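# Examination of the molecular architecture
Now for the letters of each chain:
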Amino acid sequence: MTDLDQFRAETRAWLEANCPPEMREPIRSEKDSVWGGRDQSAMTPAQKQWMDAMGAKGWTVPDWPKEYGGGGLSAAETKILREEMAKLRCRNPLSSFGISMLGPALLKYGTEEQKKDHLPKIARGEIRWCQGYSEPNAGSDLASLATSAEDKGDHFLINGQKVWTSYANYADWIFCLVRTDKTNKHNGISFVLFDMQTPGVSTKPILLISGYSPFCETFFDNVKVPKENLVGELNKGWDVAKYLLGHEREMISNMGLGGGGKNPLIEGAIATIGLDHDGRLADPLLRAKIAEFEVRSKAFAAQSERFIDELKAGRAHPAQPSMMKYYGTELNKARHELLMASGGSDNLEWESERSRGGAPARDWLRTKANSIEGGTSEVQLNIISKRILELPGA
Amino acid sequence: MMPLFLNEDQTMLRDTARDFVADAAPVSHMRKLRDDKDQTGFSRDLWKQFADMGFTGILIGEDQGGLGLGHVEAGIVLEEIGRNLSPSPFLQTAVAAVEAMKGTPHAERWFPGIVAGETVAALAIDEGAKFRNSVGMKAERAGNGFKLTGAKQFVQHGHVADVLIVAARTAGSADDENGVTLFAVPKDAAGMTATAERLTDASLAARIEFDGVEVDADAVIGEVDAGRTPLARLLRASQAGAAAEMLGVGTGAMDMTVNYLKERKQFGTLIGTFQALQHRASHLYSEMEVARAAVLKAQQLLDASDEKADTAVSVAKAMTGLATMLSVQEGIQMHGGIGMTDEYDIGFYMKRQRVLAELFGDANFHADRLARAAGY
């Protein structure tokens, strides 16, 4: 038995012993995702048990170094852990912007103090982070952001407004892009961290077409931020931001994957529409659309695996996350269109218990933001054109 | 599971194959064969060169004179064949026939010729214009062997092949799982009439009439009535191989098109600066990347004899069909008028893609197959 085989066997045994049965059920709505944070009162006992068990082993962030709360696993071990989790249908114990976005940026650009201070709390789900990027006048053209950070000696004084701040109203801390030089567009931006409880910070949820409020407007009114909370160099925040956006795109692209095990799209379509005498979905045109979608979805799963493998080996094109984000989000939108078509009028119910409070329709509407947030599909196509295909003047 | 990208040896093989095929059989080689009204369908000299490179024995074990490599490596060669539109019996002979005969007495008879680049095989599987899993052609017991009666079509290289792999029915009816037997029929078997038809892409495929063709019992590949087993193995390898070749066609067309966007000027500027074209090119790139991953996944699973290979092969064939169809369509459209001319190569890519898309089941066939397997 090789070391990896042994690791696989031990991992499987540990997962079987420690993953509660509730955490092996498919994710059915946003409420089933665990985000961590200071306030954990909304978590179910099983969610908390699973997050804490995985957090204690560092397996919420298996490939981060142990000294920062990670699992210290190699690329091969991380892959084995994911494979074994998939086989047992274990849910992701903790999804957070700390893990998928800030963590990698801190590992690359953070000081030793910043890493020691923030990363273990991210790994254990103790602090929930939000991302202060977009502004009312800085969407796709993010680098035109205007929120100002004035140098006051030992601290920055921050004034301005962010928008589309995901779950800012639930977040404990924010990583935020601020303008520290008005004369230089890209080289006048800095990347700072601060507590959302700092005086002068306020949030206002935005009600969306889904009836959900996943995003907020976030206001900064004379917010004092200690200078040691600057990540990377002054006026070089755009480098950190771009690095982090790559990770965000990677995370969003995962939405194209769907889960393992039962396929809710196919199960749902069979339940509503039924099979004909030949065992085919009784709506042949919808069946054809689902079948073609499934080809793309399965092929994209292979592409995701390839992309992660290339990334870990340092072989991925630096702009490949844009391709993944573009394809993954468009696929996810297509999936939800098919889910709605499969569910018919059942899926139109907005509040009923049968529809789990209108989850299918609300989730469908929510996906429409997938190709807008984190850089629109059009921006991703611009990036692919310029950086991968190297087309002129793009 | 190994990482989903080419390892060092495979990367070296790709570089070798890329240089070799581009040099020995570029698109101009295919164009010349067509213009010369070549009646063989490929260059026997090129097939010999493939053998000199070791490619013809790529899936044959080292103990039988081959390279002992796998489907990833065969796919690497096929992708270059696709990129250069090189007419070659590689897929039918070095991949499909080898996969069917492997581990049977037929290997001893046919593999030396394949390794040497002297033997060509063809697949007599299709009975209708659209690929199906049904086999209706009759094989009746006669004396010590069998008598084959019926017709096959879309038999690429069938008119010049030294050996035909023929699927026929020894029991039951056309759509039955059991009762199929696979035969290796030598070209000189009496009663066989092959009519070569030139296809859209200038390649030759035969319609073959079997008029009581008598073969010995030892012509059977595998077991009588249990031919579905070697046939399925042959088809999985052929489908993955056709996907790899198609990937090369689609990539070649895409590269040509992206280059054209960087050269062609209209309205006083390079047309590649137009966002309408940039976005379409980037979308195409994305589709092709996804197809590439699907193909490699299928090849790796085939090489690992993984039970998921069957699904992965259908995903690969369907996804490549969809992505490369977009590639050749966008190829002609973005080239504009010149793309419609025979003089320019991009049209050849569209024609070849169309043939490979049909071969061993198109995207619809494989999407349907996956749907059936998933219970809907």
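Procedures and definitions
Residues numbered from 1 in each chain as written. Chains lettered and ligands numbered in written order. Predicted model: local features only at pLDDT ≥ 70, side-chain atom pairs only at ≥ 80, totals over all residues. Helix = DSSP H or I, 4+ residues; strand = E, 2+ residues; numbered from the N terminus. Rg over C-alpha atoms; globule rule 2.2 N^0.38 Å. Buried ≥ 20, exposed ≤ 12 C-beta atoms within 10 Å, placed from the backbone. Contact = placed C-beta atoms within 7 Å. Domains from an automatic or database assignment. UniProt positions renumbered as here; feature names shortened; annotations may be inferred. Core = buried A, V, L, I, M, F, W, Y, C linked by C-beta atoms within 7 Å. Expected span 1.5 Å × (residues − 1). Nonpolar A, V, L, I, M, F, W, Y, C, P; charged D, E, K, R; others polar. Pairing = 2+ DSSP bridges. Axes fitted to C-alpha atoms, helices over the stretch in contact; angles between N-to-C directions. Parallel < 35°, antiparallel > 145°, perpendicular 65-115°, else oblique.

## Comments concerning the overall build of chain A
- Counting its regular elements, chain A contains 11 helices and eight strands.
- For 394 residues, the compact-globule estimate of 2.2 N^0.38 gives 21 Å, and chain A sits close to it at 22 Å.
- Principal-axis analysis of the C-alpha atoms gives chain A an extent of 75 × 50 × 50 Å.
- Taking all 394 residues of chain A together, 43% fall into the buried category.
- Across chain A, every contact between residues at least 6 apart in sequence was considered, and the portion connecting residues at least 24 apart equals 70%.

## Considering unusual backbone geometry
All names here are of chain A.
- Even without being glycine, W164 reaches a positive phi, approximately 60°.
- Within the secondary structure, W164 is located in strand 3 (residues 155–166).
- When the 22 C-beta atoms within 10 Å are taken as the criterion, W164 is described as buried.
- Even without being glycine, E390 reaches a positive phi, approximately 55°.
- For E390, the position within the fold is in the segment after helix 11 (377–388).
- Owing to 11 C-beta atoms within 10 Å, E390 belongs among the exposed residues under this scheme.

## Let's talk about the domain arrangement of chain A
- Assigned domains within chain A: domain 1 (3–95), domain 2 (129–237) and domain 3 (258–388).
- Placing the centre of domain 1 of chain A and that of domain 2 of chain A at their C-alpha centroids yields a distance of 31 Å.

## Things to note about the UniProt feature "domain: Acyl-CoA dehydrogenase/oxidase N-terminal" (unreviewed entry) in chain A
- In the numbering adopted here, UniProt assigns the feature "domain: Acyl-CoA dehydrogenase/oxidase N-terminal" (unreviewed entry) to residues 5–126 of chain A.
- End C-alpha atoms of residues 5–126 of chain A are separated by 33 Å, and the span's content is 53% helix alongside 0% strand.

## With respect to the nonpolar core
- Counting residues in hydrophobic clusters, the biggest one holds 157 residues, and the most contacted among them are I165, F183, A294, A298 and M319 of chain B.
- If one sorts the elements of this core by residue count, helix 7 (residues 228–261) of chain B sits on top with 17 residues.
- Residue contacts for A298 of chain B: discarding those within four places in its chain leaves A240, A243, A309, A312, V313, V315 and A316 of chain B.
- In this structure, M23, A168, L177 and L244 of chain A belong to the second largest nonpolar core, which totals 63 residues.

## Details of helix 9 (residues 320–343) of chain A
Residue and element names in this part refer to chain A.
- The end-to-end C-alpha distance of helix 9 is 35 Å, a good match for the 34 Å that 24 residues give at a rise of 1.5 Å each.
- In terms of burial, helix 9 is largely enclosed, as 19 of its 24 residues are buried.
- Once helix 9 finishes, G344 follows within two positions and takes phi at roughly 55°, a positive value.

## Considering the domain arrangement of chain B
Residues and elements named next belong to chain B.
- The assigned domain composition of chain B is domain 1 (8–120), domain 2 (124–225) and domain 3 (229–373).
- Between the C-alpha centres of domain 1 and domain 3 the distance comes to 21 Å.
- Counting residues at the interface gives 19 residues for domain 1, matched by 26 residues for domain 3.
- Those elements that place two or more of their residues in the side of domain 1 that touches domain 3 are helix 2 (27–35), helix 4 (71–83) and helix 5 (90–101).
- Sorting elements by how many residues they give to the side of domain 1 that touches domain 3 places helix 4 first, with 10 residues.
- The residue inventory of the side of domain 1 that touches domain 3, partitioned by class, reads 11 nonpolar, four polar and four charged.

## Examining the pairing of strand 1 (residues 121–124) of chain B
All names here are of chain B.
- The alternating pattern of strand 1 places A121 and L123 on one face and A122 and A124 on the opposite face, and all of these are buried.
- As judged from the four bridges shared by strand 1 and strand 4 (residues 163–169), these two strands associate in the parallel manner. Of the residues in strand 4, the one forming a bridge with A122 is L164.

## Some details on helix 10 (residues 346–358) of chain B
All names here are of chain B.
- In a regular helix each residue adds 1.5 Å, so 13 residues correspond to 18 Å; helix 10 covers 19 Å between its end C-alpha atoms and thus fits that length.
- In terms of burial, helix 10 is largely enclosed, as 10 of its 13 residues are buried.
- Residues I346, G347, F348, Y349, M350, R352, Q353, V355, L356 and A357 constitute the buried set of helix 10.
- Elements in contact with the buried residues of helix 10: helix 2, helix 7, helix 9 (309–335) and helix 11 (363–373).
- Once helix 10 finishes, F360 follows within two positions and takes phi at roughly 60°, a positive value.

## Brief notes about the UniProt feature "domain: Acyl-CoA dehydrogenase/oxidase N-terminal" (unreviewed entry) in chain B
- As recorded in UniProt, the sites labelled "domain: Acyl-CoA dehydrogenase/oxidase N-terminal" (unreviewed entry) are residues 7–118 of chain B.
- Here residues 7–118 of chain B runs as 64% helix and 0% strand, with 31 Å between its end C-alpha atoms.

## Considering the packing of helix 4 of chain B against helix 5 of chain B
Residues and elements named next belong to chain B.
- The interhelical angle for the contact between helix 4 and helix 5, taken along N-to-C directions, is 170°, at an axis separation of 11 Å. The angle between helix 4 and helix 5 places the two elements in the roughly antiparallel class. Contacts between helix 4 and helix 5 pair A74, V77, L78 and I81 from the former with F90, L91, A94 and V95 from the latter.
- Class assignment of the residues belonging to the contact of helix 4 with helix 5 gives a composition of eight nonpolar, no polar and no charged.

## Some thoughts on the interface of chain B and chain A
- Counting from both sides, the interface comprises 32 residues of chain B and, opposite them, 37 residues of chain A.
- For the side of chain B that touches chain A, the secondary-structure elements that each account for two or more residues are helix 7, helix 8 (275–303), helix 9 and helix 11 of chain B.
- If you tally residues by element for the side of chain B that touches chain A, the top one is helix 8 of chain B, at 14 residues.

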